[in-house]
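Geometric and topological summary
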Amino acid sequence: MKTAKKFLAVLMCAAMLFGSVAMFGGIASAAYEKQEGLLTFKVREDEAVLVSCAQNAMGEITVPAAVGGVPVKRIAGGEFMVSSGAFEGCKGITKLNLPDSIIEIDNSAFKGCSKLAEINIPAGVTEIGDDCFNGCESLKSIDIPGSVKSIGNYAFDGCKELREVVISDSVTEIGYGAFRCCEKLESVTLSKNITAINSKLFSNCFSLGSVDIPAGVTVIEDNAFANCTSLESVNIP
């Protein structure tokens, strides 16, 4: 009986240990944590995930392409094991250099980086998550690569210094309020492959003067252009 109890206890401990390392962000993993300067990573056998940056980070930050020989593939967001976006609330960062190894940028990754003026989105990224750049008030320009297929809800909400946006034809979906409150946004080139102008997409874009709606768009939702006080023309196919 005692032997059976000991065996059962061992099995339970093993199950608990496996459960604690089996999941990271919904992907099977046996991750360990590693610190690189101001950055913290969760490292697995085949990828490293940047999970946080010290809140006192200032100026220019460069994310390494690999940690301990393992490629950095993901900037984490407010998901399992991560309470907020990796750089969320880092108000002192002015420039971010991301490596070409990055293929995933999660929700809220850079939310509230109010002094962030410059960042590159690597060519392998396919999705810009919800609230990704929400509140990045100093961001003046953004180059969206041809690999990106979707832009999440409120992704660039409150980017007050953003002047021009060119969305490549690879993008098929732009979320609700994605460019809401971009007060200085003057020019927008939309992907030819979107089918909807979602609610609040450009609301409170006070400087937007004209918009060409792509031919494939079948719906323009409520408040898509609310309070666009400088809007003089909208070309609807």
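Further up the page is the structure itself.
To start, this report covers the structure provided alongside it.

Definitions and cut-offs
- Residues numbered from 1 in each chain as written.
- Predicted model: local features only at pLDDT ≥ 70, side-chain atom pairs only at ≥ 80, totals over all residues.
- Heavy atoms only, no water.
- Helix = DSSP H or I, 4+ residues; strand = E, 2+ residues; numbered from the N terminus.
- Areas by Shrake-Rupley, 256 points an atom, 1.4 Å probe, with all protein chains shown as cover.
- Pairing = 2+ DSSP bridges.
- Polar contact = N/O pair within 3.5 Å; in protein donor to acceptor, adjacent residues only side chain to side chain.
- Phe/Tyr/Trp six-rings, centres within 6.5 Å; stacked < 30°, edge-to-face > 60°.
- Buried < 20%, exposed > 50% of the residue type's maximum accessible area, 1.4 Å probe, protein only.

Considerations on the overall build of the chain
Assigned secondary structure in the chain consists of one helix and 20 strands. For the chain, the accessible area works out to roughly 11600 Å², and carbon and sulfur atoms hold 52% of it.

Some points on the sheet that holds strand β11 (residues 118-119)
The strands that make up a sheet are held in pairs by hydrogen bonds between backbone atoms, and each pair lies either parallel or antiparallel. In spatial order, the strands read β6-β9-β11; together these three strands make up an open sheet with parallel pairing. Looking along the sheet, the strands with just one partner apiece sit at the ends: β6 (59-62) and β11. The pairing of strand β9 (residues 93-97) with β11 spans two bridges and is parallel. Looking at β11, one finds that Lys95 is bridged to Glu118.

A closer look at the side chain of Asn198
Assignment of secondary structure puts Asn198 in the loop between β17 (196-197) and β18 (210-212). From its side chain, Asn198 meets the backbone oxygen of Ile174 in a polar contact 2.7 Å long.

Quick look at the packing of aromatic side chains
According to the stated counting rule, one finds six aromatic pairs in the structure shown. Plain terms: the ring middles of Phe179 and Phe202 are 5.8 Å apart, the flat faces sit at 15° to each other, and that makes the pair stacked. Residue Phe179 is located in the loop between β15 (173-174) and β16 (187-189), and its partner Phe202 is located in the loop between β17 and β18; the two are separated by 23 residues in the primary sequence. For the pair Phe202 and Phe225, a centre-to-centre distance of 5.7 Å together with 15° between the ring planes defines the contact as stacked. Remark: Phe225 occurs in the loop between β19 (219-220) and β20 (233-235) and Phe202 occurs in the loop between β17 and β18; sequence separation between them is 23 residues. For the pair formed by Phe202 and Phe225, the shared burial category is buried. Each residue in the set Phe87, Phe110, Phe133, Phe156, Phe179, Phe202 and Phe225 is aromatic and connected to the rest through ring pairs, giving one cluster.

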